[in-house]
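For reference, the chains in residue letters:
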Amino acid sequence: MPRWIPDDPETELALLTEIGLANAEELFSDVPRRIRLGRMGVGPGREEIDVVRTVDKILSRNRPYTGFANFLGGRISPRFVPAAVDSILLRSEFYTSYTPYQPEASQGMLQALFEFQSLWVELTGLDAANASLYDGATAAGEAMLLSRRIHEGDRFLIPASLPWEEKSVLANYAVGTGARIEELPFDDRTGRIDLEQTKTAVAKGGVFGILVDVPNGFGHVDETLLDLKSAIGTVPLTVVADPLALSVLSAPGDWGADIVVGEGQGFGASPSFGGPLLGLFACRREHLRFSPGRIVGATRDAEGRRAFTLTLQTREQHIRRSRATSNICTNQSLLALAFVVYATTVGPKGLAALERSLSEKARTLASALGTIDGLRAPRFDAPYLHEFAVGVTRGTAKGFLDRLRRKKILGGHPLADPRPGRGDGGPELFLTAATEFVGEKEIAKFAKTARTALAHVPGAA
Amino acid sequence: MTFRQARYDEPLVWELARRGGAANDAAATIPGIPERFRRAKAPDWPELSELEVVRHYTRLSQMNFGIDTSAYPLGSCTMKYNPKVSELLARRDGAAALHPYQPEETVQGALEILWRLETALAKITGLPEVSLQPAAGAHGEYAALLMIRAHIQERGELAKRTEVLLPDTAHGTNPASAAMAGFTTREIASVDGCVDVAALKAAVSDRTAAFMLTNPNTAGLFESQIGEIAETVHGAGGMLYYDGANLNAILGVTNPGRMGFDVAHLNLHKTFATPHGGGGPGAGVLAASDVLGPYLPVPRVRKTGRSFHLDYDRPKSIGKIKTGYGNFGLDLRAYAFLLTHGEEGLRHISRRAVLNANYLGQKLGKFLPRPFRTLVKHEFLLSGTPLKANGVRTLDLAKRLLDEGYHAPTIYFPSLVDEALMIEFPETESRRELDGFAAAFERAVTDTPEHLHAAPTATSVRRVDEVLAARQLHLSRKDLDLPQPS
């Protein structure tokens, strides 16, 4: 086995002897006999070369998206990461460090996190960001809990088009507060929420917060949102925003958002089968003391030099315990570092150019799929950026995507809740996204294969 | 060893280039986006060359402690060596280039890794049902409490069982998670660093939802009366919750299942050596008894014949607690760690971690009092109270240790010990390092009050004014101009 535990048996024995013990067993004399274990049954250890071969053999049963024409998207983005980004993440002073509770020894990570916070503040137009949460969905959950602290009521409104995973996470974050989550219906033609219906829902009273997303769960940019804040008054508005989209869209803080959260994995981290991800969180200054998670602030050291430290810690669990604003301790610092290094490597113009390039591909894709009998692409008539929902009018979305997969195309993912009895039962939708890994050739292949695949499916009854 | 940390006075990244504000040409040319939804100017962020970016962040990295540069005796954090082979494997295309929404047929290897790790963790914890969905330990705590709550609801007792009990040595996340899950919390006082079983017996009732316990606890002590504790909690109809932060001490010795716990969370970023990443990501584990297993988050990973699939047909499940199935990249690292160590390696880990704590505890006990019994598990406590006579606080000692090239221990926790220092040297630290730290500790603790107050001097910056940071909030570029020292 690799030498991950130092010293030879003689040295260990010498350590035992020095503390007056005859053998290692005596170290555990305080563990009662009746709860002691025999073997665990996890098998023998291995040499590093065997570990690499074993893991590689298992991983060879995966078929990474790089081997497909890949149109998968949603909150998690398969995106090209410049090599420079990972070279920074591999600096082991960063990745083997702990939470910077000793600021003097941790200025590097603290400054990087301060830069990360500044970048999310710039993109969102809000006053302050924290140093990360687990992922976009839990960040939405925390935004709901913050809303509950700053506004009366027990009703929280979300769009019915929100991805099912986020709805489920929100439901779980609501459990302890007794809050009720209500869904705002979407217009069948545009996929948008309706301003008047939203106003009516708020006017019934007891709404402590509203959450919307941009792009929304169908990939669309809903212009209605720009007028939402004036319609809901003092009710806190949470916006779930895609960071790349914010390089070309106006900052939600400028159109009334009180809290902006999002999924940041697409900036510098691989999808890694869904984790680790990066929860982004920003809010208004007056709500900071009710907000979750670690926050880095600038200050000075004893010699007047600029320095950084964790601050506002009295909100946090290690100090406030049951009255903390959140239970979060471990966050996603290394991915926050990835986020700021990626954005800086690509640069602000590069980010906007990337979004434009993906949007152009998405438009080409929509044109190619739009003429196919059995699909409605895009399903909704509204502006979009790099992704959009497609309706499958013949057969199921899953069946259709399976047939594409056999031709080495990952066409997207079904939007329905996969739990039995939870699907909406309506026409089947999937989300398809333009990625950097597809071009005109892959788009043409997608369309051609889709046409063939659907030609063999009987029409809707 | 003489320690001098890099001191670059490195500018903030936007100070390296002229400020932005350029017209957002790209945004202007995306069709269909309403004019008033467009960002008129490109994000105000610097345009830098790749070398400028790499040099900036490399310099910052050199102003940061990591396990690879210095021993990190943080109690309860288990700062052990993060194996390089795990970093290599997690970056394979077959692990990194997988989208969680890919069809099951294309991610059989990933599901197999999850399944194998869950199976092994069930054996290690003695709890049969395992989910890797939590992003971190506290996230697992929260999910477990939601599971307990769902179970109580199913028994029709939700109106009554609203109280979570925990010892005063509990990690702060425990009461915070319980409160978030809608429970009230009540602390049970400790006697000699362990749960006062008489007080627990007096506290349990038909209102008790759960008792949350870390064993060994944060004083580094094994709660030897765990059998009686379990009987007491179960006798009142409550659930026993295991905070697995300190599992590193008991691998192969005992486990939560054998001790009578109903549900547990583990931190793969502690016991299973996945890197802490400057505060995260971690990876949490939920392990549950047969009774609580049905409430675990969806989906569960199942094996049918030789293939693996995701099971969403779990009617009692609490649903999702995050996007995806967990921090797979970290799960993979932990699996490589587990494969390497195997049965004997895991046992050796705990033997050595406990040996390190007892050896170092005895050495450092010469300089500062140890508040409780001296047979400890993976960590031990010291009290800095005697230093106060010279006007020195535990904080000063911690800062002085930085100058010796060691990270400071955990300080001021648990709160039942005055001026606490909590010290943990995991199994990957050698005798040479233990002796080196003991010598450094002696130099620090016997240093003059003036030096202790002035510390640290060898770090990138001197003592940081945390009070000023909280009083004048400067949380992003927007807020700079910097605060002035008062």
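**What about the overall build of chain B?**
Each helix and strand in chain B was counted, giving 15 helices and 14 strands. Compactness check: chain B gives a C-alpha radius of gyration of 25 Å against a globular reference of 23 Å for 486 residues, within 12% of the reference. If you line up chain B on its principal axes, its C-alpha atoms span 70 × 65 × 45 Å. Evaluated residue by residue, chain B yields a buried proportion of 61% over its 486 residues. For chain B, the share of sequence-separated contacts (at least 6 apart) that also reach a separation of at least 24 residues comes to 70%.

**Focus: the sheet that holds strand 14 (residues 413-414) of chain A**
Residues and elements named next belong to chain A. Spatial ordering of the open sheet is given by 11-12-15-14, a layout of 4 strands whose pairing is antiparallel. This sheet does not close on itself; its edge strands, each paired only once, are strand 11 (375-376) and strand 14. Bridge count for strand 14 against strand 15 (residues 428-433) is 2 bridges, and the pairing is antiparallel. Residue pairing in the sheet places His413 in a bridge with Leu431 of strand 15.

**Describing the domain arrangement of chain B**
Residues and elements named next belong to chain B. Splitting chain B by domain gives domain 1 (86-340) and domain 2 (343-470). On the domain 2 side, the residues contacting the 19 residues of domain 1 number 22 residues. Split into classes, the residues belonging to the side of domain 1 that touches domain 2 amount to 8 nonpolar, 9 polar and 2 charged.

**Some words on the interface of chain A and chain B**
At the interface, 164 residues of chain A touch 177 residues of chain B. Top contributing element to the side of chain A that touches chain B by residue count: helix 5 (residues 107-124) of chain A, with 12 residues.

**A few points about helix 6 (residues 137-154) of chain B**
Each α-helix winds once per 3.6 residues, and so residues spaced three or four apart point in a common direction. All names here are of chain B. The end-to-end C-alpha distance of helix 6, which contains 18 residues, comes to 26 Å, matching closely the 26 Å that a straight helix rising 1.5 Å per residue would cover. Within helix 6, 15 of the 18 residues are buried, which leaves the element mostly enclosed by the surrounding structure. Count one or two residues on from helix 6 and you reach Gly156, which has phi positive near 75°.

**Observations regarding the environment of Tyr8 of chain B**
Residue and element names in this part refer to chain B. Position of Tyr8 relative to the elements: it lies in the segment before helix 1 (25-28). Of the residues examined, Tyr8 has 14 C-beta atoms within 10 Å and is grouped as partly exposed. Separated by 363 residues in sequence, Tyr8 and Pro371 have C-alpha atoms that sit 41 Å apart. Residues within four places of Tyr8 in sequence aside, it is in contact with Arg59 and Met63.

**Side note on the pairing of strand 9 (residues 284-288) of chain B**
All names here are of chain B. Burial within strand 9 is extensive, with 5 of its 5 residues counted as buried. Of the two faces of strand 9, the one holding Gly284, Leu286 and Ala288 and the one holding Val285 and Ala287 are both buried throughout. Judged from the 3 bridges that link them, strand 1 (residues 129-131) and strand 9 form a sheet pairing that is antiparallel. Looking at the pairing, Val130 lines up with Ala287 of strand 9. The pairing of strand 8 (residues 263-267) with strand 9 spans 5 bridges and is classified as antiparallel. Residue pairing for strand 9: Val263 is matched across the bridge by Ala288.

**Thoughts on the packing of helix 6 of chain B against helix 7 (residues 173-180) of chain B**
All names here are of chain B. Between helix 6 and helix 7, the shortest axis-to-axis distance is 9 Å and the interhelical angle comes to 40°. Here helix 7 runs oblique to helix 6, going by the angle between their axes. Crossing of helix 6 against helix 7: the hand is right-handed. Across from Gly137, Ala138, Glu141, Tyr142 and Leu145 in helix 6, the residues of helix 7 making contact are Thr173, Asn174, Ser177, Ala178 and Met180.

**Digging into the pairing of strand 6 (residues 237-241) of chain A**
All names here are of chain A. Among the 5 residues in strand 6, 5 count as buried, and that is most of the element. Pairing geometry for strand 5 (residues 207-214) and strand 6, over 5 bridges, is parallel. Its bridge partner being in strand 6, Val214 is matched across the sheet by Ala241.

What counts, and where the lines are drawn
- Residues numbered from 1 in each chain as written.
- Chains lettered and ligands numbered in written order.
- Predicted model: local features only at pLDDT ≥ 70, side-chain atom pairs only at ≥ 80, totals over all residues.
- Helix = DSSP H or I, 4+ residues; strand = E, 2+ residues; numbered from the N terminus.
- Rg over C-alpha atoms; globule rule 2.2 N^0.38 Å.
- Buried ≥ 20, exposed ≤ 12 C-beta atoms within 10 Å, placed from the backbone.
- Contact = placed C-beta atoms within 7 Å.
- Pairing = 2+ DSSP bridges.
- Domains from an automatic or database assignment.
- Nonpolar A, V, L, I, M, F, W, Y, C, P; charged D, E, K, R; others polar.
- Expected span 1.5 Å × (residues − 1).
- Axes fitted to C-alpha atoms, helices over the stretch in contact; angles between N-to-C directions.
- Parallel < 35°, antiparallel > 145°, perpendicular 65-115°, else oblique.
- Left-handed = near helix turned anticlockwise from the far one by under 90°.

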